[in-house]
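Observations on the three-dimensional arrangement
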Amino acid sequence: EVQLVESGGDLVQPGGSLRLSCAASGFTFSNYEMNWVRQAPGKGLEWLSYISSSGTTVHYADSMKGRFTISRDNAKNSLYLQMNSLRVEDTAIYYCVRVRLQLFDCWGQGTLVTISS
Amino acid sequence: DIQMTQSPSTLSASVGDRVTITCRASQSISSWLAWYQQKPGKAPKLLIYKVSSLQSEVPSRFSGSGSGTEFTLTISSLQPDDFATYYCQQYNSFWTFGQGTKVEIK
């Protein structure tokens, strides 16, 4: 069974940092591109960042550039999102998403990040 | 950046109704348009890709149409399991979602 399990969500003060992880199983992780998507409470979906299957190519939504860093470890079947200089408006559920033919075909259950003082 | 605009934001309907949701792109995205369904507390699920192709195991009451900048998702006969929020997504240039349409019980 294809599975993506996010972890690392927490309550953090504004200005703080957090590293999210996503553990993949049930498929050959190194063959797939991956993304991070978030959803603020009661709001819509927002694409954040992309990473190629090898990890050599990354892209970010303009609003994330400079604060967030996506990475992966194919030996550990894991995807990461390093988030710095966190703001109240970064409060959201963060989803790890598998990409197939440019489509988001498999989603994790999400991990909640809360930014508050 | 490509912006996606859905309408309506909320739709009240009854079981058996035909439902249509519209999605407009700020520039042409050819046929690179997908639809996702999200139920409360759950992750989104891919329903339709390339405007009108149904993802595996998606019921045939769902259909999609359009091209260029204007697209529609139609549910031919609304079922209890279909009450959810629907998002369009362009994948012509990176990815952008519409703001969502909540289909609620009338």
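Let me begin by describing the structure that accompanies this report. (Residues numbered from 1 in each chain as written. Chains lettered and ligands numbered in written order. Predicted model: local features only at pLDDT ≥ 70, side-chain atom pairs only at ≥ 80, totals over all residues. Heavy atoms only, no water.)

Scanning chain B for helices and strands turns up zero helices and eleven strands. Element order for chain B, N to C, with α for helix and β for strand: β-β-β-β-β-β-β-β-β-β-β. Against the 2.2 N^0.38 benchmark of 13 Å for 106 residues, chain B shows a C-alpha radius of gyration of 13 Å, consistent with a compact globule. Reported as C-alpha extents along the three principal axes, the dimensions of chain B are approximately 35 × 25 × 25 Å. Across the 106 residues of chain B, 48% fall into the buried class. (Helix = DSSP H or I, 4+ residues; strand = E, 2+ residues; numbered from the N terminus. Rg over C-alpha atoms; globule rule 2.2 N^0.38 Å. Buried < 20%, exposed > 50% of the residue type's maximum accessible area, 1.4 Å probe, protein only.)

With that settled, the discussion passes to the interface of chain A and chain B. Facing the 21 residues of chain A at the interface are 17 residues of chain B. Of the roughly 1,500 Å² buried where chain A meets chain B, counting both sides, 66% is carbon and sulfur surface. Taken together, the connections running from chain A to chain B amount to zero salt bridges. Linking chain A with chain B are five residue pairs in polar contact (both at pLDDT 80 or more). When contributions to the side of chain A that touches chain B are tallied by element, the ones reaching two or more residues are β4 (33-39), β5 (45-51), β9 (92-100) and β10 (103-107) of chain A. In terms of residue class, the side of chain A that touches chain B is built from ten nonpolar, six polar and five charged. (Contact = heavy atoms within 4.5 Å. Buried area = accessible area lost by both parts, 1.4 Å probe. Salt bridge = Lys/Arg side-chain N within 4 Å of Asp/Glu carboxyl O. Polar contact = N/O pair within 3.5 Å; in protein donor to acceptor, adjacent residues only side chain to side chain. Nonpolar A, V, L, I, M, F, W, Y, C, P; charged D, E, K, R; others polar.)

Residues and elements named next belong to chain B. Within the open sheet, the four strands sit side by side as β1-β3-β8-β7. Their pairing is antiparallel. Edge positions in the sheet fall to β1 (4-7) and β7 (62-67), since each has one partner strand and no second. Going from strand to strand, the sheet's axes swing by 20° on average, the running direction of each strand aside. Bridge count between β7 and strand β8 (residues 70-75): six bridges; the pairing is antiparallel. Bridged to Ser67 within β8 is Glu70. (Pairing = 2+ DSSP bridges. Axes fitted to C-alpha atoms, helices over the stretch in contact; angles between N-to-C directions.)

Residues and elements named next belong to chain A. The topology assignment puts Gln13 in the loop between β2 (11-12) and β3 (18-25). Sequence-wise, Gln13 and Val88 are 75 residues apart; in three dimensions their C-alpha atoms are separated by 8.3 Å. If sequence neighbours within four positions are ignored, Gln13 has contacts with Ile115 and Ser116.

Here the focus is the pairing of strand β4 (residues 33-38) of chain B. Residue and element names in this part refer to chain B. The buried fraction of β4 amounts to six of the six residues, a majority that puts the element mostly inside the structure. What you see with β4 is no split at all: Leu33, Trp35 and Gln37 on one side and Ala34, Tyr36 and Gln38 on the other are buried throughout. Counted between consecutive antiparallel strands, the loop separating β4 from strand β5 (residues 45-49) contains six residues, among which Gly41 sits at a positive phi close to 75°.

Looking now at the nonpolar core. Judged by nonpolar contacts, the single largest core of 44 residues is most densely connected at Trp36(A), Tyr94(A) and Phe104(A). Ranked by the residues each element gives to this core, the list is headed by β9(A), at six residues. Those residues in contact with Tyr94(A), other than ones at most four positions away along the chain, are Glu6(A), Leu20(A), Trp36(A), Val37(A), Arg38(A), Leu48(A), Phe68(A), Leu81(A), Met83(A), Gly110(A), Thr111(A) and Val113(A). Counting residues in hydrophobic clusters, the runner-up holds 25 residues, among them Trp35(B), Phe62(B), Phe71(B) and Leu73(B). (Core = buried A, V, L, I, M, F, W, Y, C linked by side-chain atoms within 4.5 Å.)

Let us now look at the packing of aromatic side chains. Two aromatic rings are characterised by how far apart their centres lie and by the angle between their planes. All names here are of chain A. All told, the structure shown has 16 aromatic pairs over all chains when counted by the stated rule. Ring geometry for Tyr95 and Trp107: centres 5.6 Å apart, planes at 80°, overall edge-to-face. Within this pair, whereas Tyr95 is found in strand β9, its partner Trp107 is found in strand β10, the two being separated by twelve residues in sequence. Each member of the pair Tyr95 and Trp107 is classed as buried. (Phe/Tyr/Trp six-rings, centres within 6.5 Å; stacked < 30°, edge-to-face > 60°.)

Here we come to the environment of Leu47(B). Residues and elements named next belong to chain B. Tracing the chain through its elements places Leu47 in strand β5. Here the alpha-carbon distance between Leu47 and Tyr86, two residues 39 residues apart in the chain, equals 9.3 Å. If we skip the residues at most four places from it in the chain, Leu47 touches Trp35, Tyr36, Gln37, Ser53, Leu54, Gln55, Val58, Phe62 and Tyr86.

On to the state of the cysteines. All told, the structure shown has two disulfides over all chains when counted by the stated rule. Disulfide partner of Cys22(A): Cys96(A), at an S-S distance of 2.1 Å. The sign of the -65° torsion about the S-S bond sets the Cys22(A)-Cys96(A) disulfide as left-handed. Taken together, the positions of Cys22(A) in strand β3 and Cys96(A) in strand β9 put the pair 74 residues apart, joining distant regions of the chain. Each of the two residues, Cys22(A) as well as Cys96(A), counts as buried. Each sulfur in the disulfide pair Cys23(B) and Cys88(B) lies 2.1 Å from the other. (Disulfide = S-S within 2.5 Å.)

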